[in-house]
Amino acid sequence: MRYKAVKGTADILPERAGGRLELRRMLETVSQNVFRKFGYREIRTPIIEERSLFVKSIGEETDIVAKEMFSFKDRGRRELVLRPEGTAPIARAYLDASLNKIGPFQKFYYIGPMFRTERPQAGRMRQFDQIGAEAIGSMSPEIDAEVIKLLAAILDEIKIRDYRIRVNNLGCKDDKAGLSKTLRRLLARKKDLLCGDCGRRIDVNPLRVLDCKDGSCRDIVRGAFKSVEFLCGECREHFKKVLTCLGKLKIEYTVDPYIVRGLDYYTRTVFEVSHSALGSQDALGAGGRYDNLISDMGGPPVGAAGFALGMERILMAAAGQDATALPGEGQVVYLAAVGEAAHDKGFELINLLRSGEWRGVSFDMDYENRSLKAQMREADKSGAWLVLIIGDEELSKGGVTLKYMRLKDRAQEFLRFDEAAEKVREALTQC
Ligand code: HAM
């Protein structure tokens, strides 16, 4: 019996095996550097959480909670789920550790797997990785702009081009309730013309009709929505300041009044970042402000904002660009030895080299005593920058032949064993 990865999940294989693990690691490293620059600290929360955490925060009637959570009971018959997102767990952790007492304003970042039982398709997985940030403890509009800047800085750093940022303001809790009431009234009259999902949404979550993918629902609600003014003075002022800050930070964006987001905790600013190379699942990332989440969970009334980027989708967008768009993989040095004595010396040498201080360099060799031709083929496959060759002749001269695999003429030179580390270091800078 051969097993396959569970539907909607995927093994993440090393590049050499046709996967993209190193690229992912690179993306993580680049993101971590950007987060650090912005003063965000890493947080890791458990993958399992109580189901009710998400029911309360994301909302009972949302797609995620109603139909997309992996849920199960533990031995104490508690209802648990695999986390579908990171915001609610981080809000929980913030309160659990009484971080508000240490300092009410805290900035966190996280990178890790999330789980949703959605129907798998390109860019939509049941296990996927998010890179996210949460700034908890501030109502300042500068924070809204800063988290958008942070997201853009990560995409820029990994050289994703042509992404599009759309922002909107949903208003405070009261504004949202007022808008829902108005929409409910407007939509009830057109119920027959709405799709099945939106027919049900009228009562439970009429805001979602605004971003329905069905053309007819869209036309109806957008036609009716044009004349609706629902933001209170404070929320309008907040949004104005957010847009001014975005301008100061030189971020290109458009205001899209139809972004509502599929999670109930959002208030005021919401945003989505899309990329045309992604097809129907075109959101690279999204986020917004959630000023009531901490207090709804029993904490103090502190504002918060954050975002999450989908790692798989970033990699898909990167794949659509030229190969140089992402920072290069690490440098590989491959050792090819011919004959038993050379192999033994090579094994010693490669381990000696590994004991030095190297950044992003990996050393590998053949362990099967294959022919030189087979070893050179393997070196090519592994993307080697340099190959160190040892045969009888090299052994007798007390050194190795170094071959520059990245230079057009694949030039070679002889190195003595005692100078090998220093010369390899030099050679890597010349590739
Ligand atoms: P979200 O829009 O549900 O927001 O997810 C954020 C990003 O995760 C999406 O834009 C997409 O790139 C990726 N994503 C979501 N579902 C899948 C999937 N099934 N397969 C692959 N990628 C997916 C949140 O999760 C919020 N917690 C974001 C946030 C943080 N808001 C405030 N702070």
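Residues numbered from 1 in each chain as written. Predicted model: local features only at pLDDT ≥ 70, side-chain atom pairs only at ≥ 80, totals over all residues. Heavy atoms only, no water.

## Things to note about the packing of aromatic side chains
The criterion, for reference: Whether two aromatic rings pair depends on their centres lying within 6.5 Å, for rings of Phe, Tyr and Trp, where Trp uses its six-membered ring; planes under 30 degrees apart make the pair stacked, over 60 edge-to-face, and the rest tilted. We count a stretch as a helix when DSSP gives it H or I for four or more residues in a row; a strand needs E for two or more, and each element gets its number in order from the N terminus. Only protein chains enter the area calculation, which uses a 1.4 Å probe; residues under 20% of their type maximum are buried, those over 50% are exposed, and those in between are partly exposed.
Scanning the entire structure with this criterion turns up six aromatic pairs. Look at Phe-35 and Tyr-109: their rings are 4.5 Å apart centre to centre, the planes differ by 10 degrees, and that puts the pair in the stacked class. Taken together, the positions of Phe-35 in helix α1 (residues 21–37) and Tyr-109 in strand β5 (residues 106–115) put the pair 74 residues apart, joining distant regions of the chain. The exposure class assigned to Tyr-109 is buried, which follows from its relative accessible area of 3%. Centre to centre, the rings of Trp-358 and Phe-363 are 5.0 Å apart; their planes meet at 70 degrees, and the pair counts as edge-to-face. In this structure, Trp-358 and Phe-363 share a single accessibility class: buried. By way of ring pairs, the aromatic residues Phe-35, Tyr-40, Tyr-109 and Phe-307 are connected into one cluster.

## Some points on the sheet that holds strand β13 (residues 361–365)
Where we set the bar: Here, strands pair whenever DSSP counts at least two bridges between them. Only the stretch in contact is used when a helix axis is fitted, and all axes are lines through C-alpha atoms; the angle between N-to-C directions ranges over 0 to 180 degrees. The contact rule is simple, with two residues in contact once any of their heavy atoms fall within 4.5 Å.
Spatial strand order, β13-β12-β14-β15-β16: five strands in an open sheet with mixed pairing. Each having just a single partner strand, β13 and β16 (412–416) make up the two edges of the open sheet. Each strand of the sheet is rotated relative to its neighbour by a mean of 25 degrees, with strand direction disregarded. Looking at chain direction, strand β12 (residues 331–337) and β13 are connected through five bridges and run parallel. Looking across to β13, one finds that Tyr-334 is bridged to Asp-364. Across the sheet, helix α13 (residues 340–354) touches β12, β13, β14 (386–390) and β15 (399–404), and the angle it forms with β13 is around 165 degrees.

## Things to note about the pattern of salt bridges
Formally: Counted as salt bridges are all cases of a side-chain nitrogen of Lys or Arg within 4 Å of a carboxyl oxygen of Asp or Glu.
Summed over all chains, the structure comprises 26 salt bridges. Here Arg-268 makes a salt bridge to Glu-234, at a shortest N to O gap of 3.9 Å. Taken together, the positions of Arg-268 in strand β9 (residues 267–275) and Glu-234 in helix α10 (residues 233–248) put the pair 34 residues apart, joining distant regions of the chain. The exposure class assigned to Arg-268 is buried, which follows from its relative accessible area of 11%. Overall, the relative accessible area of 61% leaves Glu-234 in the exposed class. Shared partners join several salt bridges into a network, and the residues in it are Arg-166, Asp-256, Arg-261 and Glu-272.

## Regarding the nonpolar core
Under the convention used in this document: Residues enter a nonpolar core if they are buried and are Ala, Val, Leu, Ile, Met, Phe, Trp, Tyr or Cys, with the set joined through side-chain atoms within 4.5 Å.
Grouped together as the largest cluster of nonpolar side chains are 53 residues, with contacts concentrated most on Phe-54, Tyr-94, Ile-136, Leu-183, Leu-187, Leu-194 and Leu-210. If sequence neighbours within four positions are ignored, Tyr-94 has contacts with Leu-99, Asn-100, Pro-104, Gln-106, Phe-108, Ile-136, Ile-294 and Val-302. With 42 residues, the next largest nonpolar core counts Tyr-109, Ile-165, Leu-284 and Leu-309 among its residues.

## Looking at the packing of α1 against helix α6 (residues 141–157)
Threshold: Note on terminology: angles under 35 degrees are roughly parallel, angles over 145 are roughly antiparallel, angles of 65 to 115 are roughly perpendicular, and the others are oblique. Two helices that cross are described as forming a left-handed crossing if the nearer one is turned anticlockwise from the farther one by less than a right angle, and a right-handed crossing if clockwise. Classification convention: Asp, Glu, Lys, Arg as charged; Ala, Val, Leu, Ile, Met, Phe, Trp, Tyr, Cys, Pro as nonpolar; all other residues, Gly among them, as polar.
Between α1 and α6, the shortest axis-to-axis distance is 9 Å and the interhelical angle comes to 140 degrees. On the basis of their axis angle, the class for α1 and α6 is oblique. Considering only the axes of α1 and α6, their crossing is right-handed. Taking contact as the criterion, the partners of Val-30, Ser-31, Val-34 and Phe-35 in α1 are, on α6, Leu-150, Ala-153, Ile-154 and Glu-157. Of the residues assigned to the contact of α1 with α6, the class counts are six nonpolar, one polar and one charged.

## Quick look at the site of the ligand
Quick reminder of the rule: It suffices for a single heavy atom of a residue to lie within 4 Å of a molecule or strand for the residue to be listed as near it. In the analysis that follows, any N or O atom pair within 3.5 Å is treated as a polar contact, provided that within protein one partner can donate a hydrogen and the other can accept it, and provided that, for residues neighboring in sequence, both atoms belong to side chains.
Neighbouring the ligand are 27 residues, the closest being Glu-85, Glu-118, Glu-134, Arg-261 and Tyr-266. At 3.1 Å from an oxygen atom of the ligand is found a side-chain nitrogen or oxygen belonging to Gln-130. Counting residues per element, the ones that place at least two in the shell around the ligand are β6 (127–136), β10 (283–289) and β11 (304–310). Here the element with the most residues in the shell around the ligand is β10; it accounts for six residues.

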